[in-house]
Amino acid sequence: MPDIRKLVILTGAGISAESGIDTFRAEGGLWEQHRVEDVATPEGFARDPDLVLRFYDMRRAALAGVQPNAAHRALAQLEREWAKRDGCDLLLVTQNVDDLHERGGANDVLHMHGQLNSALCNACEARSPWTGSMADRPPCPVCGAYALRPDVVWFGEMPYDMDTIYASIRSADLFVSIGTSGAVYPAAGFVRDAAECGAATLELNLEQSEGSAWFDESRLGPAGELVPAWVE
Ligand SMILES: CC(C)NC(=O)[C@H](Cc1c[nH]c2ccccc12)NC(=O)[C@H](CCCC/N=C(/NCCC(=O)O)S[C@H]1O[C@H](COP(=O)(O)OP(=O)(O)OC[C@H]2O[C@@H](n3cnc4c(N)ncnc43)[C@H](O)[C@@H]2O)[C@@H](O)[C@H]1O)NC(=O)OCc1ccccc1
């Protein structure tokens, strides 16, 4: 990648599939087990907060039983190499709320849809590292209010750090998408934004996605094989 200086990488649930984390739309995936409207919307939280808090407690607890895979580790290695190259920028943005990029060795990961290991207080808006349960309604560690919610972006809510993401996409030489179905916006629109700003675009995915037509190149296969091969 000699002529690439500005690189943006977007990841989705597919990069964590080989670690044993359910994807969303696969057979038996998360959205088959739970109605999105009930567990991943502000309205669902208002209607039945216990159901939502238990849903995220279950996913948070499951994190302890999984490990990063070769794809996570390869991106961490790329991050280290890229940091040594003068005038080169790498933005690693993920839709995933798991912590496998960081446990795979990556330091600078932008979680545009939030993180399971973080609590958001609806009273003081503080964010607190969180690894335990939230269903037993603990108080906010900052203001003491009983108003904690999972620090994740639900449908209808604005994703995090969109200005940073769009600024990087606008100046990118290469946009790479890994393990995402291209079904959820605004993330699903990034490839089009990048292409319109003149970036080359590459997709690494198990199968064709809803956005495949927008990529210059699509390599199909498991991320655990495709990503280390691409990074090499
Ligand atoms: C369903 C969809 C049509 N709806 C939306 O997109 C909505 C509404 C909307 C907005 N704009 C639109 C435009 C058109 C239509 C609709 C909309 N979007 C929103 O509400 C967003 C907020 C969306 C975020 C919701 N929260 C999530 N997650 C956090 C919670 C939680 O995790 O519980 S979304 C969640 O689902 C998405 C799942 O997608 P994937 O990660 O791709 O997973 P999926 O299972 O679908 O696919 C896996 C892929 O991996 C591949 N794979 C599997 N195994 C492997 C393997 N081993 N190797 C490689 N690949 C593999 C498979 O082949 C597959 O392709 C991810 O984004 C994930 O974060 N907010 C917003 O728009 O705010 C206003 C706004 C306006 C302007 C600008 C900014 C904002």
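Computed from a predicted structure; not experimentally measured.

Turning next to the pairing of strand β8 (residues 200–205). Counting buried positions over the 6 residues of β8 gives 5, a clear majority of the element. One ladder, built from 5 bridges, connects strand β7 (residues 174–178) with β8; its direction is parallel. Across the sheet, residue Leu174 finds its bridge partner in β8, namely Ala200. In this fold, the crossover linking β7 to β8 by way of helix α8 (residues 190–196) has right-handed handedness. Bridge analysis of β8 against strand β9 (residues 217–220) gives 4 bridges, and the strand direction is parallel. Paired with Glu203 across the strands is Ser218, a residue of β9.

Our focus in this paragraph is the UniProt feature "binding site: substrate" (unreviewed entry) in the protein. The UniProt record marks Tyr56 and Arg59 with the feature "binding site: substrate" (unreviewed entry), using the residue numbering of this structure. On the basis of relative accessible area, Tyr56 is assigned to the buried category, the value being 4%. Not counting the four nearest positions on each side in its chain, Tyr56 is found in contact with Val39, Ala40, Leu116, Pro150, Val152 and Trp154. Once residues within four sequence positions are removed from consideration, Arg59 is found in contact with Phe24, Leu30, Val97 and Leu116.

It is worth spelling out the sheet that holds β8 at this point. The parallel open sheet is built from 6 strands, whose spatial order is β3-β2-β1-β7-β8-β9. For this open sheet the edge positions go to β3 (109–111) and β9, each flanked by a neighbour on one side alone. When strand polarity is set aside, the average angle formed by the axes of neighbouring strands in this sheet is 20°. Of the pairings in the sheet, the one linking strand β1 (residues 6–11) to strand β2 (residues 89–94) comprises 6 bridges and is parallel in character. When the bridges of β2 are listed, Thr11 appears paired with Thr94. Sitting on the sheet, helix α7 (residues 162–170) is in contact with β1, β2 and β3, with an inclination near 130° to β2.

Moving on, we get to the packing of aromatic side chains. Applying the stated criterion across every chain yields a total of 5 aromatic pairs. With centroids separated by 6.4 Å and ring planes inclined at 45°, the aromatic side chains of Tyr56 and Trp154 adopt a geometry described as tilted. Of the two residues, Tyr56 is situated in helix α4 (residues 49–63) and Trp154 in the loop between β6 (148–152) and α7; the sequence distance between them amounts to 98 residues. Both residues of the pair, Tyr56 and Trp154, count as buried. Pairing Tyr166 with Phe190 gives two aromatic rings, centres 5.9 Å apart and planes at 80°, and the pair type is edge-to-face. With Tyr166 in helix α7 and Phe190 in helix α8, the pair connects residues that are 24 residues apart, well separated along the chain. Take Tyr166: its relative accessible area is 29%, and that puts it in the partly exposed class. Among the aromatic side chains, those forming a connected cluster through ring pairs are Phe45, Phe55, Tyr56 and Trp154.

What counts, and at which threshold
Residues numbered from 1 in each chain as written. Predicted model: local features only at pLDDT ≥ 70, side-chain atom pairs only at ≥ 80, totals over all residues. Heavy atoms only, no water. Buried < 20%, exposed > 50% of the residue type's maximum accessible area, 1.4 Å probe, protein only. Helix = DSSP H or I, 4+ residues; strand = E, 2+ residues; numbered from the N terminus. Pairing = 2+ DSSP bridges. Right-handed = clockwise from strand over helix to strand, strands pointing away. UniProt positions renumbered as here; feature names shortened; annotations may be inferred. Contact = heavy atoms within 4.5 Å. Axes fitted to C-alpha atoms, helices over the stretch in contact; angles between N-to-C directions. Phe/Tyr/Trp six-rings, centres within 6.5 Å; stacked < 30°, edge-to-face > 60°.

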